[in-house]
Amino acid sequence: MLTLRKASDRGAANHGWLKSFHTFSFANYRNPKEQGFSDLLVINDDRVAAGKGFGQHPHRDMEIFSYVLEGALEHKDTLGTGSVIRPGDVQLMSAGSGVAHSEYNHSATRGVHFLQIWIVPDVSGAKPRYQQEHFSTQKKRGRLQLIISPEGKNGSLKVRQDARVYAGLIDGKESATLELAANRYAYVHVARGSVELNGMPLHEGDGVRVRDEQLLTLSNGVDAEVLVFDLRPQELPEMP
């Protein structure tokens, strides 16, 4: 079963320097029916103006990864880590027992467009850690490249949860498939462009909850960049 979450139905915030869309409830956007999906808690689609950003702020017991679509994002944290994240890079910060970080647009002249995604960990109070890896266009072209997994399989980043994340680039006659294990959920997010999921047309910002499906096929893409989350089969309760 595929359940569409249209881009136009997402929460939105415009702070001038920051324009953000929230797939699930976040900050001032509250939707009782959109509290996350399985262990996937947050997908924020952020555009930050040149030279602006998020000052240092704390996190705890959350797996947080950033996926840059355009521009460059500068990261600093209390672990002593500092880096600039560009398209193709995936940065995963496991907040664990507690960490603070800042994120700024690295450019003084150009905006940055990125996704920040939160996954609930399966352990609390763990030692904080930071990982970053580059996944080239070639690795994602016409296929789904594993970028995050519990085991760090095939060079992916290690997440503290039974969750796997794939990234793919689909255009023209290209197609990609993912076979899910029995009784797994999935979530598909279109980061940009358009594509079909098992024949369902999707556009930039659209998302799909997947239940009771074992084969996912992405095809008929138009400059599409897609993230696919392989998740535990659990439902989150609606909030009052």
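Residues numbered from 1 in each chain as written. Predicted model: local features only at pLDDT ≥ 70, side-chain atom pairs only at ≥ 80, totals over all residues. Heavy atoms only, no water.

### Concerning the nonpolar core
Within soluble globular proteins, side chains that are nonpolar generally end up buried alongside one another.
Link 1 in the chain: Counting 26 residues, the largest nonpolar core has Leu 40, Phe 65, Tyr 67, Ile 147 and Phe 229 as the members making the most contacts within it.
Link 2 in the chain: Secondary structure elements with two or more residues in this core: strand 4 (40–48), strand 6 (63–70), strand 9 (89–94), strand 11 (112–119), strand 13 (144–149), strand 15 (164–170), strand 17 (185–197) and strand 20 (215–231).
Link 3 in the chain: When sequence neighbours within four positions are dropped, the list of residues in contact with Phe 229 reads Leu 40, Ile 43, Phe 65, Ile 117, Arg 164, Val 165, Tyr 185, Ala 186 and Tyr 187.
Link 4 in the chain: In this structure, Ala 176, Val 188, Val 208 and Val 226 belong to the second largest nonpolar core, which totals 21 residues. (Core = buried A, V, L, I, M, F, W, Y, C linked by side-chain atoms within 4.5 Å. Buried < 20%, exposed > 50% of the residue type's maximum accessible area, 1.4 Å probe, protein only. Helix = DSSP H or I, 4+ residues; strand = E, 2+ residues; numbered from the N terminus. Contact = heavy atoms within 4.5 Å.)

### Let's talk about the UniProt feature "domain: Pirin N-terminal" (unreviewed entry) in the protein
Link 1 in the chain: Look at the UniProt record and you will see "domain: Pirin N-terminal" (unreviewed entry) annotated at residues 12–119.
Link 2 in the chain: Overall, residues 12–119 shows 0% helix and 57% strand. The separation of its end C-alpha atoms is 21 Å. (UniProt positions renumbered as here; feature names shortened; annotations may be inferred.)

### Side note on the sheet that holds strand 8 (residues 82–85)
Link 1 in the chain: Strand order across the open sheet formed by 4 strands is 5-10-7-8, with antiparallel pairing between neighbours. Where the open sheet ends on each side, the last strands, each with one partner, are strand 5 (53–59) and strand 8. Strand after strand, the sheet turns through a mean of 20 degrees between neighbouring axes, direction not considered.
Link 2 in the chain: Pairing of strand 7 (residues 73–77) with strand 10 (residues 99–105) involves 5 bridges; the strand directions are antiparallel. Its bridge partner lying in strand 10, Lys 76 is registered against Ser 102. (Pairing = 2+ DSSP bridges. Axes fitted to C-alpha atoms, helices over the stretch in contact; angles between N-to-C directions.)

### Focus: the side chain of His 113
Link 1 in the chain: Note on placement: His 113 falls in strand 11.
Link 2 in the chain: Polar side-chain contacts of His 113 include one of 3.4 Å to the side chain of Arg 47.
Link 3 in the chain: When sequence neighbours within four positions are dropped, the list of residues in contact with His 113 reads Asp 45, Asp 46, Arg 47, Val 68, Leu 69, Glu 70 and Glu 204. (Polar contact = N/O pair within 3.5 Å; in protein donor to acceptor, adjacent residues only side chain to side chain.)

### Side note on the pattern of salt bridges
When their charged atoms lie close together, side chains carrying opposite charge are able to pair.
Link 1 in the chain: Per the counting criterion, the structure on display carries 15 salt bridges.
Link 2 in the chain: The shortest N-O distance in the salt bridge between Arg 47 and Glu 204 comes to 3.8 Å. In this pair, Arg 47 is assigned in strand 4 and Glu 204 in the loop between strand 18 (200–203) and strand 19 (207–210), connecting sequence segments 157 residues apart.
Link 3 in the chain: Each of Glu 151, Asp 162, Arg 164, Arg 184 and Asp 230 takes part in one network of salt bridges that share partners. (Salt bridge = Lys/Arg side-chain N within 4 Å of Asp/Glu carboxyl O.)

### Comments concerning the environment of Leu 197
Link 1 in the chain: As for its placement among the helices and strands, Leu 197 is situated in strand 17.
Link 2 in the chain: Leu 197 sits in the buried class, given a relative accessible area of 0%.
Link 3 in the chain: Separated by 18 residues in sequence, Leu 197 and Leu 215 have C-alpha atoms that sit 10 Å apart.

### Things to note about the UniProt feature "domain: Quercetin 2,3-dioxygenase C-terminal cupin" (unreviewed entry) in the protein
Link 1 in the chain: The sites that carry the UniProt feature "domain: Quercetin 2,3-dioxygenase C-terminal cupin" (unreviewed entry) are, in the present numbering, residues 146–231.
Link 2 in the chain: End C-alpha to end C-alpha, residues 146–231 measures 14 Å, and it is 0% helix and 64% strand.

### Some remarks on unusual backbone geometry
Link 1 in the chain: The backbone of Asp 61 sits at a positive phi, close to 50 degrees, despite the residue not being glycine.
Link 2 in the chain: Positive phi is not limited to glycine here, since Asn 198 has a value of about 50 degrees.
Link 3 in the chain: When you line up the elements, Asn 198 lands in the loop between strand 17 and strand 18.

### Focus on the pairing of strand 18
Note on strand geometry: in a regular strand, side chains alternate between the two faces of the sheet.
Link 1 in the chain: The side-chain alternation of strand 18 yields one buried face, formed by Met 200 and Leu 202, and one unburied face, formed by Pro 201 and His 203.
Link 2 in the chain: Sheet topology note: the strand 17/strand 18 ladder contains 4 bridges and is antiparallel. Residue pairing in the sheet places Ser 194 in a bridge with His 203 of strand 18.
Link 3 in the chain: Between strand 17 and strand 18, which pair antiparallel in sequence order, lie 2 residues; one of them, Asn 198, sits at a positive phi of approximately 50 degrees.

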